[in-house]
Amino acid sequence: MATTQQPLMWRDEFATGVAEIDEQHMILVHTLNEAAAKLAHDTSQETLEQITQDLLSYALYHFETEEDLMQRYGYAEGAGDAAEQHLSQHRAFSSKVVSVREGLKSGMKITAADLLEFLNSWLVNHILNTDKKLGAFIVAHKAEA
Ligand SMILES: [Fe+2]
């Protein structure tokens, strides 16, 4: 079954102001578009497993980058709840992808369209509502340093 998906375009409003984070977000956007292009003509279980595996490992690496920055800039101390919520969104994303992968392995049918819809909207919401807060905090504290 083929799926059509609007490509996720990088928008200026995605910029957090922190180059390291923005570069990784651009890679994530690119990765999701590559996944969509692939899934447009191949929604085999192998492909879904490969895509979710690659995405999960890059996402974990990316979360680590952000969480190292949180440590370095004292985000938990400085932002309290926002830091807590940020970490829990990372955890929730990782466990959702892990459970999708478990579902795939046990033969559950997952549509490419649903998967892409979840991934794209999670990334956009997370960048706009959560990563941008972290970015603003880092930018403010860089200026102080
Ligand atoms: Fe994040």
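It should be noted that the structure appears before, not after, this text.
Residues numbered from 1 in each chain as written. Predicted model: local features only at pLDDT ≥ 70, side-chain atom pairs only at ≥ 80, totals over all residues.

Visitor: Whenever I open this one, the overall build of the protein chain confuses me. Can you help?
Guide: When helices and strands are counted, the protein chain shows five helices and zero strands. Along the protein chain, from the amino end to the carboxyl end, the secondary structure elements read α-α-α-α-α. A globule of 145 residues ought to have a C-alpha radius of gyration of about 15 Å, and the protein chain, at 16 Å, matches this closely. If one aligns the C-alpha atoms of the protein chain with their principal axes, the spans along those axes are about 55 × 30 × 20 Å. (Helix = DSSP H or I, 4+ residues; strand = E, 2+ residues; numbered from the N terminus. Rg over C-alpha atoms; globule rule 2.2 N^0.38 Å.)

Visitor: What exactly am I supposed to notice about the packing of helix α4 (residues 81-105) against helix α5 (residues 112-144) here?
Guide: Pairs of packed helices are described in terms of their axes, by the angle between the two and the distance that separates them. Between α4 and α5, the shortest axis-to-axis distance is 11 Å and the interhelical angle comes to 165 degrees. Taken as axis vectors, α4 and α5 run roughly antiparallel relative to one another. Crossing of α4 against α5: the hand is left-handed. Across the interface between the two elements, Ala82, His86, Gln89, Phe93 and Val100 of α4 pack against Leu115, Trp122, His126, Thr130, Lys133 and Leu134 of α5. Classifying every residue of the contact of α4 with α5 gives six nonpolar, four polar and one charged. (Axes fitted to C-alpha atoms, helices over the stretch in contact; angles between N-to-C directions. Parallel < 35°, antiparallel > 145°, perpendicular 65-115°, else oblique. Left-handed = near helix turned anticlockwise from the far one by under 90°. Contact = placed C-beta atoms within 7 Å. Nonpolar A, V, L, I, M, F, W, Y, C, P; charged D, E, K, R; others polar.)

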